[in-house]
Amino acid sequence: MSRTVIVKNVIIGEGIPKICVPLIGATLSELKQEAEALKELSPDLVEWRTDFFDEVEDTEAVKSALKEIHSVIPELPLIFTFRSAKEGGEKQVSTEYYITLNIAAAESGLVDIIDVELFNEEQDVKLLVETAHTHKVPVIISNHDFHGTPSQEEIISRLCKAQELGGDLPKIAVMPQDAGDVLTLLDATHTMKEQYADRPIITMSMAGAGVISRLAGEIFGSAITFGAAHKPSAPGQVAVGELRNVLSLLHRSL
């Protein structure tokens, strides 16, 4: 059985997949409004997508915003994510700044998980993992393929690589071209969980065709699903209330 990851009493990798909702405000004011609104939705986790933030290239502004977000939702586990443009994010920054930004987040004491993209230089990924773990911050090692769905073998290979590099939560998101691609992702998820994973994994097929993968994680083996509060941060995200209802329905049926 895969071990779990526990952040602020949320047990990832056990029972119903945990619901994560993104913060995507461009300004501090927008971020605080979004964070206030999340209190009513009661997600399990919150992801701050810092690539949407206008001042993301100023680490002091980022740290200041982290303090403000934390003051609004101190009880909710916070994932710190800069999603690069090459993986579907809003901005591209230098490798050096990407490392600096994530180290600052890991050392801040204000985030509970950081997201590190798999397709960086291996030594850079290892540095960020080691730094985060030194500060007792778990790491998602992620890959997002907006161009298509790799083979089952390739999906499993990427998840295994994330695991080998020390990722506490290996993650992959892929874009389906048809229903067969969604089945490929689900089959890869199940195989990874049953044969290779010794920790929780996160997988999803994006866009409308892939919505089923966001709902059926408990069946196939994905431990976190991403829902939308208002504006989705990725194609195919389902509104939190609807997502919770379907996850609960499936859980009761198992």
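As the structure is a prediction and not an experimental result, all values here were calculated from the model. (Residues numbered from 1 in each chain as written. Predicted model: local features only at pLDDT ≥ 70, side-chain atom pairs only at ≥ 80, totals over all residues. Heavy atoms only, no water.)

Now for the side chain of Thr203. Along the chain, the position of Thr203 falls in strand 9 (residues 202–205). Among the polar contacts listed, one links the side chain of Thr203 to the side chain of Thr189, at a separation of 2.7 Å. Leaving out residues up to four positions away in the same chain, Thr203 has contacts with Leu159, Ile172, Leu185, Thr189, Ser213 and Ser222. (Helix = DSSP H or I, 4+ residues; strand = E, 2+ residues; numbered from the N terminus. Polar contact = N/O pair within 3.5 Å; in protein donor to acceptor, adjacent residues only side chain to side chain. Contact = heavy atoms within 4.5 Å.)

It is worth spelling out the UniProt feature "active site" (unreviewed entry) in the protein chain at this point. UniProt's feature table lists "active site" (unreviewed entry) at His144 and Lys171, given in the numbering used throughout. These residues run over 28 residues, yet every pair of their C-alpha atoms falls within 8.4 Å of each other. Within the secondary structure, His144 is located in strand 7 (residues 139–145). Not counting the four nearest positions on each side in its chain, His144 is found in contact with Arg83, Glu87, Lys171 and Ala173. For Lys171, a relative accessible area of 6% translates into the label buried. Dropping the residues within four chain positions of it, Lys171 is found in contact with Arg83, Asp115, Ile140, Ile141, Ser142, Asn143, His144, Leu159, Ile202, Met204 and Phe226. (UniProt positions renumbered as here; feature names shortened; annotations may be inferred. Buried < 20%, exposed > 50% of the residue type's maximum accessible area, 1.4 Å probe, protein only.)

Attention shifts here to helix 2 (residues 59–72). An α-helical turn contains 3.6 residues, so a residue and the one three or four places further along point in the same direction. If you check helix 2, its first and last C-alpha atoms are 20 Å apart, about what 14 residues at 1.5 Å a residue would give, namely 20 Å. Turning to helix 2, its buried residues number three or more, namely Ala61, Val62, Ala65, Leu66, Ile69 and Val72. Around the axis of helix 2, the buried residues are gathered within 140° of arc, so they sit on the same side. Looking at helix 2, the residues exposed on the side facing more than 90 degrees away from the buried face are Lys67 and Ser71. Against the buried residues of helix 2 lie strand 3 (18–23), helix 1 (28–41), strand 4 (45–49), strand 5 (78–81) and helix 3 (95–108). The N-capping residue of helix 2, defined by a side-chain oxygen 3.0 Å from the backbone nitrogen of Glu60, is Asp58. (Expected span 1.5 Å × (residues − 1). Arc of directions from axis to C-beta.)

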